[in-house]
Amino acid sequence: EKSSKAFIFGVCLEATCSGKKGAALGPDALRKASMQLETYSLNAEREYFENCPTLDLGNLRLEETVEKTLKAVESVVSRILSLKKIPIMLGGEHTITLAALRAFKGEDFVFLHFDADHDLYDELEGVRISHGTFLRRALEEKLVKPENIIKIGARTGTRLELEFLKSQKIQSFKARDL
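Read on for a plain summary of the structure. This is a predicted model, so every value here is computed, not measured.

What about the overall build of the protein?
Counting its regular elements, the protein contains 5 helices and 8 strands. Starting at the N terminus and ending at the C terminus, the protein contains elements arranged as β-α-β-β-β-α-β-α-β-α-β-α-β. Relative to a compact globule of 178 residues, whose C-alpha radius of gyration would be 16 Å, the protein shows 17 Å and is just as compact. The dimensions of the protein, computed from C-alpha atoms along their principal axes, are 45 × 40 × 35 Å. Restricting the contact set of the protein to residue pairs at least 6 apart, pairs at least 24 apart contribute 64%. If you sum the accessible surface of the protein, you get close to 10,900 Å²; carbon and sulfur atoms cover 55% of it. Across the protein, 27 positive and 27 negative side-chain charges occur, with their mean positions spaced 3 Å apart.

Written as structure tokens, this is what we have:
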């Protein structure tokens, strides 16, 4: 633990997904896929991760409600940050990002959001905290400044989301422009 610079943990949440199922399998699928990666850089002539030893904490136990699970995620990220380590969270659905942002407690940082969707719904299927609303909630809670958000890869969205995106002056690079 002491020699690790980053702590990895999974959150197999799939409670508010409105599309295809399978997000809960994400953390373990990412771990399995990572075993296929080469770790040596021919360009740099060194191991990719030699300067960033990591510790995998496993998957977080899900709580009985989404809000309680988000509190648990926030607690884990806060603890990792208090140890001066880098938190690496593997999901699961996007809702967990809200909890991670809450753990940063208004720190000044840039939030890179790689996604085909905007996740700026005010409500999705009558729910205010979900995979499609987390970024809107993060802005309302002032967890990240709009000018510090960079969205990359969007290919879909509603007119209302796009109007909100523009009103907040959030930088966005569409998938077709990449």
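Regarding the pattern of salt bridges
This structure, assessed with the given rule, holds 13 salt bridges. One salt bridge connects glutamate 141 with arginine 102, and the closest N-O pair in it is separated by 2.8 Å. Highlighted residues: glutamate 141 in the loop between α4 (134-140) and β7 (149-154) and arginine 102 in helix α3 (residues 95-103), separated in sequence by 39 residues. Given a relative accessible area of 34%, glutamate 141 falls into the partly exposed group. By relative accessible area, arginine 102 is classed as buried at 13%. Residues aspartate 122 and arginine 128 are paired through a salt bridge, measuring 3.0 Å at the closest nitrogen-oxygen approach. Among the residues examined, aspartate 122 registers a relative accessible area of 35% and is labelled partly exposed. Accessibility expressed as a relative area gives 37% for arginine 128, which makes it partly exposed.

Let's talk about helix α1 (residues 26-34)
Buried within α1 we find Gly26, Pro27 and Arg31. The buried residues of α1 all sit within an arc of 135° when viewed along its axis, so they share a single face.

Describing the sheet that holds strand β8 (residues 171-174)
By way of backbone hydrogen bonds, the strands of a sheet pair with one another, either parallel or antiparallel. One open sheet holds the 3 strands; their spatial order is β6-β7-β8, and the pairing between them is parallel. A single partner strand is all that each edge strand has here, and the edge strands are β6 (111-114) and β8. Here the average twist between neighbouring strands, direction ignored, is 15°.

Section: the side chain of serine 130
For serine 130, the location among the structural elements is in the loop between β6 and α4. Overall, the relative accessible area of 1% leaves serine 130 in the buried class. Residues within four places of serine 130 in sequence aside, it is in contact with Thr16, Thr95 and Leu124.

Describing the pairing of β7
Here β7 lies mainly inside the structure; 6 of its 6 residues are buried. As defined by bridge partners, β6 adjoins β7 across 4 bridges and the pair is classed as parallel. Counterpart to phenylalanine 114 in the pairing with β7 is isoleucine 152. Crossover β6 to β7 through α4 is right-handed. Two strands pair when backbone bridges link them, and β7 and β8 are joined in this way by 4 bridges, in the parallel orientation.

Comments concerning unusual backbone geometry
One non-glycine residue with positive phi stands out, namely glutamate 125, at about 55°. One non-glycine residue, lysine 169, lies in the positive phi region at around 60°. Among the structural elements, lysine 169 can be located in the loop between α5 (159-167) and β8.

Definitions and limits used
- Residues numbered from 1 in each chain as written.
- Predicted model: local features only at pLDDT ≥ 70, side-chain atom pairs only at ≥ 80, totals over all residues.
- Heavy atoms only, no water.
- Helix = DSSP H or I, 4+ residues; strand = E, 2+ residues; numbered from the N terminus.
- Rg over C-alpha atoms; globule rule 2.2 N^0.38 Å.
- Contact = heavy atoms within 4.5 Å.
- Areas by Shrake-Rupley, 256 points an atom, 1.4 Å probe, with all protein chains shown as cover.
- Lys, Arg positive; Asp, Glu negative; His and termini not counted.
- Charge placed at Lys NZ, Arg CZ, Asp CG, Glu CD.
- Salt bridge = Lys/Arg side-chain N within 4 Å of Asp/Glu carboxyl O.
- Buried < 20%, exposed > 50% of the residue type's maximum accessible area, 1.4 Å probe, protein only.
- Arc of directions from axis to C-beta.
- Pairing = 2+ DSSP bridges.
- Axes fitted to C-alpha atoms, helices over the stretch in contact; angles between N-to-C directions.
- Right-handed = clockwise from strand over helix to strand, strands pointing away.

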